[in-house]
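As a plain string of letters, each chain reads:
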Amino acid sequence: MSTNSLSYNDQGGVDSAVEVGQETTPTSSAGAAFGLFSSDFKKNDDLKEMLESNKESMKLEAMKRIVGLIAKGKNSPELFPAVVKNVASKNIELKKLVYVYLVRYAEEQQDLALLSISTFQRALKDSNQLIRASALRVLSSIRVPIIVPIMMLAIKEASTDLSPYVRKTAAHAIQKLYSLDPDQKEQLIDIIEKLLKDKSTLVAGSVVMAFEEVCPDRIDLIHKNFRKLCNLLVDVEEWGQVVIISMLTRYARTQFTSPWREDANFEENNASFYDSNEERKEQSNSDAPYIMDPDHRLLLRSTKPLLQSRNTAVVMSVAQLYWHLAPKHEVSIVTKSLVRLLRSHREVQYIVLQNIATMSIEKKSMFEPYMKSFYVRSTDATHIKILKLEILTNLANEANISTILREFQTYVKSQDKVFAAATVQAIGRCATNIAEVTDTCLNGLVLLLSNRDETVVAESVVVIKKILQTQPTQHSDIIKHMAKLFDNILVPMARASILWLIGEYCDHVPKIAPDVLRKMAKSFTAEEDIVKLQTVNLAAKLYLTNSKQTKLLTQYILNLGKYDQNYDIRDRTRFIRQLIVPNEKSGPLAKYARRILLAPKPAPLLESAFKDRDRFQLGTLSHSLNAKAVGYLELSDWPAVAPDQSVRNVEVAEQIKEWTPSLAKERSVKSDDKFYSDEEAGNGSPNNSSEDGKSLSSSEGSTSETENEEETTSQSGSGNSDESEHSDSSQSDSSKKKKTKKLQQKKKPKHSTKESDSDEEDDNRKAAASSPVVSSEDSSSSSSDEGTSQSDSDSGVHQDTRSKAKAKPKVVQNTEKEITLLDLDDFAPDPQISTKSSMLSPSLLSDLDGLSLSSTPSDIQVGSLAFPMKSHELLHRMTGKGLAAQYHFPRQPCIYGNGMVAIQINLTNTSDRKLENLHMGEKSGLNIHGFSSIECLEPDASALVSIAIDFKDSTQAANFQLCTNDDQFRVSLQPSVGELLLPVTMTEQDFHKEQGNLLGMNETSATVPMTPENASSQPISSKVVTVANMAVVPSSQEGIVRFAAKLASSGVLVLASVELQDASAQLRVSTEKAVIGSMLLRDLKTALA
């Protein structure tokens, strides 16, 4: 049962119940027989006795059987009193099953459930997150208004729970409470607002679902969380992705202007994130052409990877988002994914084909290359066949009509009568839409008149009638042919269509029309109502055009109709008699009888049944039914003027308030020498100096003081300017000073006036160029006003980094070649250019081993391990017109910002001409720090440049442009999950402690077969470090190798261990980021196998 502990969902644990029910069998045949043949009042007595037993095993077995009965659809409410007694059991597995039962029957047995409310309230404080969540789920299932205050209090407490699983359950309980008591809306909105700020991917989908149920019109709650939701979208569980995408679609239609304008400009606006509010207002008020909002582009870019999702609902949601929000030239990227869904079950095919049918009307070009995917198969159901037929008809044009008609020719012969009739209608639509094949289609339909199938013949007649209305004069022979076949056609609609054609164009068949009327007069009383009506119309038209031959026949038919049983026919007969037969009572209409009956009529327009469905949002129930369903929220029209963009900016002050509790906690536990601080685990900031623990005002106040001392501290090798900081870390500072002095003695000739000047210039250049990045949200939403306050508040955090960055070039500035290798070109105004590649000397690496670029405490050391450097191709020389680019990850701490990954790119000119002004152009939405432009690159020369990218803990590729004076080349740089890590040094005791905190959902494991030569610590460590940037943890146990690292962007801890067994190894990865953990496990498993 422990393996099923995490499968209890918010529908009452049905998934687990099914599994338990399948595994469980009655303990004895006698008991089973007793249960089957006993009377109702003794039903399930054996289960009651087991539940009242003193043995935990008996109770557990009884609950398994009960949950098995529920899974099979058998009710057992009479067991509720016996089950509810065990709710306070200390056995975790038994308690889980009891909660599964209670969730199912709490609503039916409300009185008994109310007696156990105190137990549920105590369970809300349980140490097990699943018990807390189950208790809240049961409590919210008791739909009694009197306990609404208790439910509200429980939801408030659960919304601040440390476990994201409990917070997710709280979001689900919000919807139940709202349906029970809508008056609690305002308090529930406050809870939703807090949960929307939650950074856990487990909570995001559930809270957005609660938002959609309780307050879908409060889009102001989404403003501050829009960018966070976009960035989290890829990692949210699948059904949460569907809900979030649907909500963001509606949000975008209210916040962004239409991208479908003719003057639209879709180039990335790199400066848009950093423009001031005044500049943005001026741009929006001017008559400049449309430029896509960066947030609009962020939404499209964040959802694009989900087109590869295995969940069809997610793919469909992304497709509808692109259809309603993306520029028209970008919508086609969803085509392949939609076509892929056609391989799913027929229920999925039906919905997908409905949406494709709507899309293909407006944009045929999207699906024309995949036309063969819509060919009908013999195994398809009728409703699937008709939808494919609809799409093929929509895609028909002059180029492919011959292929489609050949396909239709086969479909007409189908044994499925409904499908064959629909094919005939499709042929008619093709004939009216494409003038070049009208005659061909018409001739084919005439041939179908001799078909043995009555349904096909009848449908052919109806379609021919509609086609002939467009060109009646040219096809009198077809009308005659249809008149000859009239006696053999028995379907009422087909007979009525022929009669209408003969009456409408009776002047083209003057000899045949009276004879047809004569035959109809004989069989008038036996015909269907629709045929009788058309017979009366035919008689009236012939009376007006050929009264000599048809006068008596007309009077006879009118007399028959006068006494018909159907009142419609009687009314029509009286009306026609007064209209065409002159007498004393004839009104003024008699003079206009010919103009009324023989007026030229417009040809019918054969349209797709899906033409008007685009008024509904794609993928919704309303679109499928072609009617507005209950709860449907319409998409609003695009605003003429975009609302203020600044509402989505996240204030810096809010971030500092959020950090305050973790900073205070860090100060309280600092004396315990923990290997990492709470701030690093929560916010991913590697700057853990005592300066971070101060208030904002003290940080701002000490900024000027530290800047004045920078030059002095850079000469002595100390990066600390505060007295309290100096006292706290004096030992680490002294060790750093010793190592720095050793290196400075070797580099004495480098201490010149020229060098210090250049260092000051470099420092100033970096201070002006780099903007401190607090989080991914801040980087995407900063404006000029916020950038000022942010730089002020964070200046204290980055002083150490800046001062040490100044000192480091002096220490290792041996030769030009070594500067390039150590990634120190970031400190120089221009990148160093060399024609030969060189390797890092071991002695230099050992000298630099003690240096640290950030003010991390001594118990956490981030450093590089020896690993084989692997290069990847970024730009091929043929694609780059002589410019080749390769990149690798040096695995060095990045000086440009916390959370960024350092990358080195080797640019080589393989052409015979100079390449001038090499620089980085347009960048993607990720935070990318580019390299300084290279004025000139000679033939056969190469340059090693450094960039930094904040991947936001995702393996999503970073896209940017490499530009020269003449060309621009778009390149894509995708990291492996192992390169998103920074190694962390810790003790074995700390490793065990942290791994113990990352159990359950935070842990993934696998068994890897091992060869004898690899079954030792050294090759395992080598292979793991090659794949992932992790540090080896010292181990006192043989056969167990441990590794530790943290994610560069968020600072979340990632632990891995390999335990050697007989011929295999148990691989275990522990981290709060479940997606990162599974990806890393896969890579390590591949490397070790």
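The shown structure was predicted, so the numbers you read here are calculated from the model rather than taken from an experiment.

Draft legend 1. View of the overall build of the chain. When helices and strands are counted, the chain shows 49 helices and 16 strands. For the chain, the proportion of its 1089 residues judged to be buried stands at 53%. Relative to all contacts within the chain whose residues are 6 or more apart in sequence, the contacts with residues 24 or more apart total 68%. Surface exposure of the chain reaches about 51,400 Å², of which carbon and sulfur atoms provide 51%.

Draft legend 2. Structural detail: the pairing of strand 16 (residues 1064-1071). Among the eight residues that make up strand 16, six are buried, leaving the element largely enclosed by the rest of the structure. Alignment of strand 12 (residues 1003-1009) against strand 16, held across seven bridges, turns out to be antiparallel. Residue A1006 lies in a different strand from strand 16, and its bridge partner there is L1067. Strand direction decides the pairing type here: strand 15 (residues 1053-1060) and strand 16, joined by seven bridges, are antiparallel. In the strand pairing of strand 16, L1055 is matched with S1070. Taking the residues that link successive antiparallel strands as the turn, the strand 15-strand 16 hairpin has three residues.

Draft legend 3. Inspection of the sheet that holds strand 10 (residues 968-973) at higher detail. The antiparallel open sheet is built from four strands, whose spatial order is 7-5-9-10. Looking along the sheet, the strands with just one partner apiece sit at the ends: strand 7 (934-937) and strand 10. Across the sheet, the mean angle separating the axes of adjacent strands is 35° when strand polarity is ignored. Two strands pair when backbone bridges link them, and strand 5 (residues 915-923) and strand 9 (residues 958-963) are joined in this way by three bridges, in the antiparallel orientation. By the bridge assignment, H919 is partnered in strand 9 with C963.

Draft legend 4. Spatial organisation of unusual backbone geometry. Non-glycine residue N626 carries a positive phi angle of around 60°. As for its position among the elements, N626 is in the loop between helix 34 (621-625) and helix 35 (652-668). Given a relative accessible area of 23%, N626 falls into the partly exposed group. A positive phi angle, close to 65°, is found at D940, a residue other than glycine.

Draft legend 5. Broad picture of the environment of E347. Inspection of the secondary structure assignment puts E347 in helix 21 (residues 346-362). By relative accessible area, E347 is classed as exposed at 57%. Measuring from C-alpha to C-alpha, the distance between E347 and I384 comes to 9.1 Å, with 37 residues separating the pair along the chain.

Draft legend 6. Structural view of the nonpolar core. One finds M63, Y101, L102, L338, F374 and F408 to be the most contacted residues of the largest nonpolar core, which totals 196 residues. Sequence-distant contacts of Y101, defined by excluding residues within four places in its chain, comprise M63, I66, I70, S76, P77, L79, F80 and V83. Counting residues in each nonpolar core, the second largest holds 60 residues, with A885, V1008, M1030 and A1065 among its members.

Draft legend 7. Fine view of the packing of aromatic side chains. What the rule picks out here adds up to twelve aromatic pairs. Between Y411 and F419, the aromatic rings sit 5.3 Å apart at their centres with planes inclined by 50°, giving tilted as the arrangement. When its relative accessible area of 5% is taken as the criterion, Y411 is described as buried. Exposure remark for F419: the relative accessible area of 2% places this residue in the buried category.

Draft legend 8. Region of the structure containing the environment of W638. You can see W638 is positioned in the loop between helix 34 and helix 35. Along the backbone, W638 and Q255 are 383 residues apart, and their C-alpha atoms lie at a distance of 8.0 Å.

Draft legend 9. The pattern of salt bridges, seen in detail. If you walk through the whole model with that rule in mind, you get 29 salt bridges. Notably, a salt bridge pairs K388 with D380, separated by 3.0 Å at the nearest N-O pair. The residues K388 and D380 share a single accessibility class, namely buried.

Draft legend 10. How the structure looks around helix 27 (residues 476-484). Turning to helix 27, its buried residues are S476, I478, I479, M482 and A483. Angular distribution of buried residues about the axis of helix 27 spans 160°; they occupy a single face of the element. Facing away from the buried side of helix 27, by more than 90 degrees, are the exposed residues D477 and K484. The elements touched by buried residues of helix 27 are helix 25 (438-448), helix 26 (454-468), helix 28 (492-504) and helix 29 (512-522).

Draft legend 11. A look at the pairing of strand 14 (residues 1040-1047). Of all eight residues in strand 14, eight are buried, a share of seventy percent or more. Of the two faces of strand 14, the one holding I1040, R1042, A1044 and K1046 and the one holding V1041, F1043, A1045 and L1047 are both buried throughout. In the sheet, strand 11 (residues 981-983) pairs with strand 14 via three bridges, with the strands oriented antiparallel. Along strand 14, the bridge assignment pairs P983 with A1045. By the bridge criterion, three bridges tie strand 13 (residues 1031-1033) to strand 14 in an arrangement that is antiparallel. When the sheet's bridge partners are listed, V1033 is paired in strand 14 with R1042. Remark: six residues form the turn of the hairpin made by strand 13 and strand 14, two consecutive strands paired antiparallel; G1039 in that turn has positive phi of roughly 85°. Two successive antiparallel strands, strand 14 and strand 15, enclose a turn made up of five residues, where G1051 displays a positive phi of approximately 80°.

Draft legend 12. Inspection of a nonpolar patch on the surface at higher detail. A contiguous nonpolar surface patch, about 370 Å² in accessible area, is contributed by F575, L589, Y592 and I596. Overall, the relative accessible area of 40% leaves I596 in the partly exposed class.

Draft legend 13. Representation of the packing of helix 48 (residues 1017-1027) against helix 49 (residues 1074-1088) within the structure. Put simply, helix 48 and helix 49 touch, their axes get as near as 9 Å, and they point 135° apart. Comparing the axis directions of helix 48 and helix 49 gives the class oblique. Crossing angle aside, the handedness with which helix 48 passes helix 49 is right-handed. Every residue of helix 49 that contacts helix 48 at I1020, K1023, V1024 and V1027 is listed here: D1083, L1084, A1087 and L1088.

Draft legend 14. Inspection of the side chain of D161 at higher detail. Take D161: it is sitting in the loop between helix 10 (148-159) and helix 11 (164-180). A polar side-chain atom of D161 sits 2.8 Å from a polar atom in the side chain of R132. Setting aside residues up to four positions removed in sequence, D161 forms contacts with R132, V166 and R167.

Draft legend 15. Spatial organisation of the packing of helix 29 against helix 31 (residues 547-562). Remark: helix 29 packs on helix 31, axes separated minimally by 10 Å, with the N-to-C direction vectors making an angle of 30°. Classed by the angle they form, the pair helix 29 and helix 31 counts as roughly parallel. Seen from above, helix 29 lies across helix 31 with left-handed handedness. Contact with helix 29, carried on its side by P514, L517, R518 and A521, involves Q549, T550, L553, T554, Y556, I557 and L560 of helix 31 and no other residues of that element. Of the residues belonging to the contact of helix 29 with helix 31, the class tally is seven nonpolar, three polar and one charged.

Draft legend 16. The confidence of the model for the chain, seen in detail. Model confidence for the chain is summarised by a mean pLDDT of 75, while 73% of its residues fall at 70 or above. Within the chain, the lowest mean pLDDT, 37, falls on helix 45 (residues 816-821), and the highest, 94, falls on helix 19 (residues 312-325). This model gives residues 1-41 a pLDDT under 50, and the stretch forms 51 contacts once residues within four places in sequence are excluded. A low-confidence stretch, residues 268-274 stays under pLDDT 50, and its non-local contacts, those more than four residues away or across chains, total 22 contacts.

Draft legend 17. Layout of helix 11. Between its first and last C-alpha, helix 11 extends 25 Å over 17 residues, near the 24 Å set by a 1.5 Å rise per residue. Burial in helix 11 covers these residues: Y165, V166, R167, K168, T169, A170, A171, H172, A173, I174, Q175 and L177. Taken together, the buried residues of helix 11 touch helix 9 (129-141), helix 10, helix 12 (185-196) and helix 13 (201-214). Capping of helix 11 at its N-terminal end is provided by S163; its side-chain oxygen lies 3.2 Å from the backbone amide nitrogen of Y165.

Draft legend 18. Region of the structure containing the environment of K328. As for its placement among the helices and strands, K328 is situated in the loop between helix 19 and helix 20 (335-340). Sequence separation of K328 and R261 is 67 residues, and the distance between their C-alpha atoms is 9.6 Å. Beyond its immediate sequence surroundings of up to four residues, K328 is in contact with W260 and K363.

Reading the values: the criteria
Residues numbered from 1 in each chain as written. Predicted model: local features only at pLDDT ≥ 70, side-chain atom pairs only at ≥ 80, totals over all residues. Heavy atoms only, no water. Helix = DSSP H or I, 4+ residues; strand = E, 2+ residues; numbered from the N terminus. Buried < 20%, exposed > 50% of the residue type's maximum accessible area, 1.4 Å probe, protein only. Contact = heavy atoms within 4.5 Å. Areas by Shrake-Rupley, 256 points an atom, 1.4 Å probe, with all protein chains shown as cover. Pairing = 2+ DSSP bridges. Axes fitted to C-alpha atoms, helices over the stretch in contact; angles between N-to-C directions. Core = buried A, V, L, I, M, F, W, Y, C linked by side-chain atoms within 4.5 Å. Phe/Tyr/Trp six-rings, centres within 6.5 Å; stacked < 30°, edge-to-face > 60°. Salt bridge = Lys/Arg side-chain N within 4 Å of Asp/Glu carboxyl O. Arc of directions from axis to C-beta. Patch = residues over 30% accessible without salt bridge, like charges linked within 9 Å, V, L, I, M, F, W, Y side chains within 5 Å. Parallel < 35°, antiparallel > 145°, perpendicular 65-115°, else oblique. Left-handed = near helix turned anticlockwise from the far one by under 90°. Polar contact = N/O pair within 3.5 Å; in protein donor to acceptor, adjacent residues only side chain to side chain. Nonpolar A, V, L, I, M, F, W, Y, C, P; charged D, E, K, R; others polar. pLDDT = per-residue confidence, 0-100. Expected span 1.5 Å × (residues − 1).

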